[in-house]
Amino acid sequence: GALCRRAGRQAAVAAEAPRAEQLAERLRAQRKREQQREIPADPARRWVWELSRLSRQLQQVHPNVLAKVLHRETVYQNEEIVVINKPYGLPVHGGPGIKNCITDVLPILAKMLENTSAKPLHLCHRLDKETTGVMVLARSKEVADKIRLLFKTRQVEKIYWAISLGDPTPAEGIVEIPIVEKEVRSHQSHYKMTLAPSYRLRPEDGKEVKTRRNRDAESAVTRYRLLARSSACSLLELQPVTGVKHQLRVHLAYGLGCPILGDHKYSHWSKLAPQKLPEVTLRRLKLEQSKARYLPLHLHAHRLSLPLGQRIDLVCKPPLFFQKTLKKLELD
């Protein structure tokens, strides 16, 4: 009797297995269908959708997978430093709601580049989550300290590329206006960096009058140069002389009146709202204004020149989405 029961149980289990397999297969197919339904058919919208998905994906992958991505993006290494082309939408540091960041995977990346006994890599500077491009990591704490000092004493030459709305007047110049963090009191209170000029214009004759300097403001200097203009946008070369938080974004938006394409934070002062794009830009990007909120920030750390013994010139080409935008706007 016991033997019969055991044989019956085994037969039942054997019958269950294909059923479970079929069920799993059905679920997989259903998930695939849902994903395909989600993908917009329109190429322009698909491109924007893919970007927001990419950013979400980087937050969900296993740290080993993320380290592999960074390993693939390694553009230069010697015995002191490793240089990566930082992907879009990846934060450098952790924080609330952030599962994956560059700092956390530095030990894994070091092992992939060297061998299993490699020491973790060290951060030397930071880039905003949405900024792409040249990022230097040091193989030892001593080298990291040395490079941080070079950044602090302004001996590192940094060149960024940005696509902006509108074009700056004059086409080349220096923005030298201190920057301070302020709370924006609106229906949705939030903090933003903003300009804190040490002069004002006299209403009666428009003359500059010196005012008292804001104690909390940090001095900020940005060199800029127009490289190309088309479709109500510009390609700019930017050289931040100082390194204040969000400096390039604030100097372009509030100093020159040319916010960076996809910079929804600094396109308005008093509200958090998607950037408003000119008709011609929307047409060229094949985008509706309602979908503009998905546009990524077009700011790329293109070149970095480090005086380590001899000068090392490090160059990263812009990500694919940036190159596509240049083509669509005829800025290439």
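Summary of the structure given here. Bear in mind the structure is a predicted one, so any value in this text is a computation, not a measurement.

### Some words on the overall build of the protein
Within the protein one finds eight helices and 14 strands. Relative to the 2.2 N^0.38 estimate, which gives 20 Å for 332 residues, the radius of gyration of the protein is 25 Å and therefore markedly larger than a compact globule would have. Oriented by its inertia axes, the alpha-carbon framework of the protein measures out at about 105 × 50 × 40 Å. Residues classed as buried in the protein amount to 42% of the 332 residues present.

### Here's the deal with helix H3 (residues 63-72)
Among all positions of H3, only Leu66, Ala67, Val69 and Leu70 are buried. Viewed along the axis of H3, the buried residues span an arc of 155°, placing them on a single side of the element. With respect to the buried face of H3, the exposed residues turned more than 90 degrees away are Lys68 and Arg72.

### What to know about the packing of aromatic side chains
This structure, assessed with the given rule, holds two aromatic pairs. For the ring pair Tyr88 and Phe321, a centre distance of 5.3 Å and an interplane angle of 70° mean the geometry is edge-to-face. One end of the pair, Tyr88, is in the loop between strand S2 (81-86) and helix H4 (102-113); the other, Phe321, is in helix H8 (residues 320-328), with 233 residues separating them in the sequence. In this structure Tyr88 comes out as buried when scored by relative accessible area, which is 14%. On the basis of relative accessibility, which here comes to 6%, the residue Phe321 falls in the buried class. Where Tyr254 meets Tyr266, the ring centres are 6.0 Å apart and the plane angle is 75°; that geometry is what we call edge-to-face. Residue Tyr254 is located in helix H6 (residues 247-255), and its partner Tyr266 is located in the loop between H6 and helix H7 (279-285); the two are separated by twelve residues in the primary sequence. You can call Tyr254 partly exposed: its relative accessible area is 23%.

### Notes on the pairing of strand S5 (residues 157-165)
Consecutive side chains of a regular strand alternate in pointing toward one face of the sheet and then the other. Taking burial as the measure, the nine residues of S5 include eight buried ones, the bulk of the element. Sheet analysis places S5 next to strand S13 (residues 299-308), joined by six bridges and oriented antiparallel. Bridge pairing links Glu157 to Ser305 in S13. Pairing geometry for S5 and strand S12 (residues 233-240), over six bridges, is antiparallel. Residue pairing for S12: Trp161 is matched across the bridge by Glu237.

### Let's talk about the nonpolar core
Ranked by internal contacts, the top residues of the largest apolar core, which has 44 residues, are Ile102, Leu121, Leu137, Leu238 and Leu299. With six residues, H4 is the largest single contributor of residues to this core. Residues lining this core come from more than one domain, with at least three contributed by each of domain 1 (41-153) and domain 2 (155-309 + 318-331). If we skip the residues at most four places from it in the chain, Leu299 touches Glu130, Thr131, Thr132, Tyr160, Trp161, Ala162, Leu238, Leu248, Arg249, Ile260 and Phe322. Counting 19 residues, the second-largest nonpolar core is a separate cluster that includes Val48, Cys233, Phe322 and Leu326.

### Some words on the packing of H3 against H4
At a minimum axis separation of 8 Å, H3 and H4 run at an interaxial angle of 65°. By the angle between their directions, the pair H3 and H4 is classed as roughly perpendicular. Pair H3 / H4 crosses with right-handed handedness. Contacts between H3 and H4 involve Pro63, Asn64, Leu66, Ala67, Lys68, Leu70 and His71 on the former and, on the latter, Ile102, Val105, Ile108, Leu109, Met112 and Leu113. Tallied by class, residues from the contact of H3 with H4 come to ten nonpolar, two polar and one charged.

### Regarding the pattern of salt bridges
Throughout the structure, instances matching the rule amount to 15 salt bridges. With a shortest N-O distance of 2.9 Å, Lys141 and Asp145 are connected by a salt bridge. Note that Lys141 and Asp145 are positioned in helix H5 (residues 141-152) at a spacing of four residues, about one turn of the helix. Between Asp167 and Arg229 there is a salt bridge, with the nearest N and O atoms lying 3.3 Å from each other. Of this pair, Asp167 sits in the loop between S5 and strand S6 (172-176) while Arg229 sits in strand S11 (residues 221-230), and the two are 62 residues apart along the sequence. Taking relative accessible area as the criterion, Asp167 reaches 33% and is therefore assigned partly exposed. Connected via shared salt-bridge partners are Glu21, Glu25 and Arg28.

What counts, and where the lines are drawn
- Residues numbered from 1 in each chain as written.
- Predicted model: local features only at pLDDT ≥ 70, side-chain atom pairs only at ≥ 80, totals over all residues.
- Heavy atoms only, no water.
- Helix = DSSP H or I, 4+ residues; strand = E, 2+ residues; numbered from the N terminus.
- Rg over C-alpha atoms; globule rule 2.2 N^0.38 Å.
- Buried < 20%, exposed > 50% of the residue type's maximum accessible area, 1.4 Å probe, protein only.
- Arc of directions from axis to C-beta.
- Phe/Tyr/Trp six-rings, centres within 6.5 Å; stacked < 30°, edge-to-face > 60°.
- Pairing = 2+ DSSP bridges.
- Core = buried A, V, L, I, M, F, W, Y, C linked by side-chain atoms within 4.5 Å.
- Domains from an automatic or database assignment.
- Contact = heavy atoms within 4.5 Å.
- Axes fitted to C-alpha atoms, helices over the stretch in contact; angles between N-to-C directions.
- Parallel < 35°, antiparallel > 145°, perpendicular 65-115°, else oblique.
- Left-handed = near helix turned anticlockwise from the far one by under 90°.
- Nonpolar A, V, L, I, M, F, W, Y, C, P; charged D, E, K, R; others polar.
- Salt bridge = Lys/Arg side-chain N within 4 Å of Asp/Glu carboxyl O.

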